[in-house]
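Each chain, letter by letter, is given below.
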Amino acid sequence: MSASGRRRRGALDSGFTMDETVAEYIRRTVLKIPRHQIMEMLTMWEFLSKTQLETINVHQLKERISQEVVELCEENSASIKQAAILDMIYNYTYRNKKVWTVYQMTKAAGEETDSFNLADFKYKFKRSLRSALKNVTINFREYEDNAIWIRIAWGTQYTKPNQYKATYVVYHSQTPYVFISSLRSSIPLLCQALVHASNYHDIHEMELRSRCIDSLKDIVFKRYSQTFQTYHPRPLQERNVAPEKVDPRIIQENKREKERIQSVNQEVFGEGLQPKIEFAQYKLETMFKGEPEMDILTEKEPFRCVVKFSSPHLLEALKSLAPAGMADAPLSPLLTCIPQKARNYFKIKERKGILSASCLGP
């Protein structure tokens, strides 16, 4: 009898039949994992024994690998709890596949920060969600820097939780910041549970989003200027141009301008690499100033438009514009204030005839 046949026989002899939805979820999760990381993640999972892991042939088709893992899980009587933990390991490793939104919690006036108790937090969080919604799956996993990862699969009063559309929450204890990747419909219940469990008074969205959760942490924890590698500018190089064809004064003026741009850029962006943000969005609400007698675009309603900048690494792209001669230095504060103001969604309004952004206030 083959190894897989013996495993199936063993599962039947034990009298345990794994729920089909659990088996399918584990199978799909394994299929998502790159081949070279399958054994690493299964080892981190700590659900299968070393002996069981050694029976898995990772050089065969991934479909067959996933089926072998499912059969081993059936031997161990896997439940949705274990399946969810494997999903959490995958999503932690590939956390930049999600879009994360930052939320900030606040205390009431005069309230002091309480000491954090993880067991108490978990109990209150679960109780708050389950008092509002019976069919919900909640899992916790702790990581470095006091990061608590929470996975919530939502159901309804009449349907089981949908494991394929789970919400992910990353909460750093002793800080008011929460990073959430979730469907909008689940946000109110989730925020209510977070505020209750962490003993805060209120919570609000910060208008700061990115796929790179580590960069979001660097921004809100104000550590991006200290922890990133120092940038050492390369010496300016002059092009090989015959001296008799170029006025030396022009060469010197160009050199001074390049040095000025480099100095201004360093003052605005700092010496280190910038946090990784993929986009910034600006909503414009302003009035057109036209001739009244022309009766053109003089409505009382403001003109509205949205401008969105996108790049795999937007802040580094902005930082390179002036040195490349594609923009004047310094750039507009509307573009450079993202890390300092901790937001990449802005609304630009007109105040007494002057355009101003909500992010640039005191």
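The numbering scheme is per chain: residues are counted from 1 as the chain's sequence reads. With pLDDT at 70 or above as the cut-off, local features in this predicted model cover only qualifying residues; side-chain atom pairs require 80 or more to be listed or tallied, and sums for whole chains, interfaces and linings still use all residues. Excluding hydrogens and water, the side-chain figures rest on all heavy atoms present in the structure.

Observations concerning the pairing of strand β1 (residues 100-106)
Thinking step 1. The buried fraction of β1 is high, at 5 of 7 residues.
Thinking step 2. Pairing of β1 with strand β5 (residues 177-181), which is carried by 4 bridges, proceeds in the antiparallel orientation. Within the sheet, the bridge partner assigned to Val102 lies in β5 and is Phe179. With a 1.4 Å probe rolled over the protein chains alone, any residue whose accessible area is under 20% of its type maximum counts as buried; one over 50% counts as exposed, and the rest are partly exposed. Helix and strand definitions follow DSSP, with helices as H or I runs of at least four residues and strands as E runs of at least two, each counted in order from the N terminus. For two strands to be treated as a pair, DSSP must find no fewer than two bridges joining them.

Brief notes about the packing of aromatic side chains
Remark: the centre distance and the inter-plane angle together describe each pair of aromatic rings, the angle taken between the planes.
Thinking step 1. Two aromatic rings from Phe, Tyr or Trp, using only the six-membered ring of Trp, form a pair when their centres are within 6.5 Å; if the ring planes differ by under 30 degrees the pair is stacked, by over 60 it is edge-to-face, and anything between is tilted. Scanning the model with the defined rule gives 18 aromatic pairs in all.
Thinking step 2. Between the aromatic rings of Phe125 and Phe140, the centroid separation amounts to 5.9 Å while the plane-to-plane angle is 75°, which identifies the pairing as edge-to-face. Linking Phe125 in helix α7 (residues 118-132) with Phe140 in strand β2 (residues 136-143), this pair joins segments that are 15 residues apart in sequence. Take Phe125 and Phe140: they sit in the same class, and that class is buried.
Thinking step 3. With 5.9 Å between their ring centres and 85° between their planes, Phe279 and Tyr345 make a pair best called edge-to-face. In this pair, Phe279 is assigned in strand β7 (residues 279-286) and Tyr345 in strand β9 (residues 345-351), connecting sequence segments 66 residues apart.
Thinking step 4. What makes Tyr345 buried here is its relative accessible area of 14%.
Thinking step 5. Here, over-ring charges are defined by two tests on the NZ atom of lysine or the CZ atom of arginine: distance to the ring centre within 6 Å, and angle to the ring normal within 35 degrees. Sitting over the ring of Tyr92, Arg95 keeps its end group 4.6 Å from the ring centre.
Thinking step 6. Over the ring of Tyr345 we find Arg209; its NZ or CZ atom is 3.9 Å from the centre of that ring.

A look at the confidence of the model for the protein chain
Thinking step 1. Values of pLDDT, which run from 0 to 100, indicate the predictor's confidence residue by residue. For the protein chain, mean pLDDT is 85; residues scoring 70 or higher make up 83% of the total.
Thinking step 2. Throughout, a contact is declared for two residues whenever any of their heavy atoms are within 4.5 Å. In the model, residues 226-239 has pLDDT below 50 throughout and makes 20 contacts with residues more than four positions away in sequence or in other chains.

Here we look at the packing of helix α2 (residues 20-32) against helix α6 (residues 80-93)
Thinking step 1. Think of each axis as a best-fit line through the C-alpha atoms, taken over the contacting stretch in the case of a helix, with angles from 0 to 180 degrees between the N-to-C directions. Interhelical geometry of α2 versus α6 gives an angle of 15° and a closest axis separation of 9 Å. Accordingly, the angle class assigned to the pair α2 and α6 is roughly parallel. As α2 runs across α6, the sense of the crossing is left-handed. Where α2 approaches α6, its residues Val22, Tyr25, Ile26, Thr29, Val30 and Lys32 are matched on the opposing element by Ile80, Ala83, Leu86, Asp87 and Tyr90.
Thinking step 2. Across the contact of α2 with α6, the residue classes break down as 8 nonpolar, 1 polar and 2 charged. Angle categories are assigned with fixed cut-offs, so that under 35 degrees is roughly parallel, over 145 is roughly antiparallel, 65 to 115 is roughly perpendicular, and the rest are oblique. The handedness criterion is simple: a crossing whose near helix is rotated anticlockwise from the far helix by less than a right angle is left-handed, and one whose near helix is rotated clockwise is right-handed. Ten residue types, Ala, Val, Leu, Ile, Met, Phe, Trp, Tyr, Cys and Pro, are classed as nonpolar, four, Asp, Glu, Lys and Arg, as charged, and the remainder, Gly among them, as polar.

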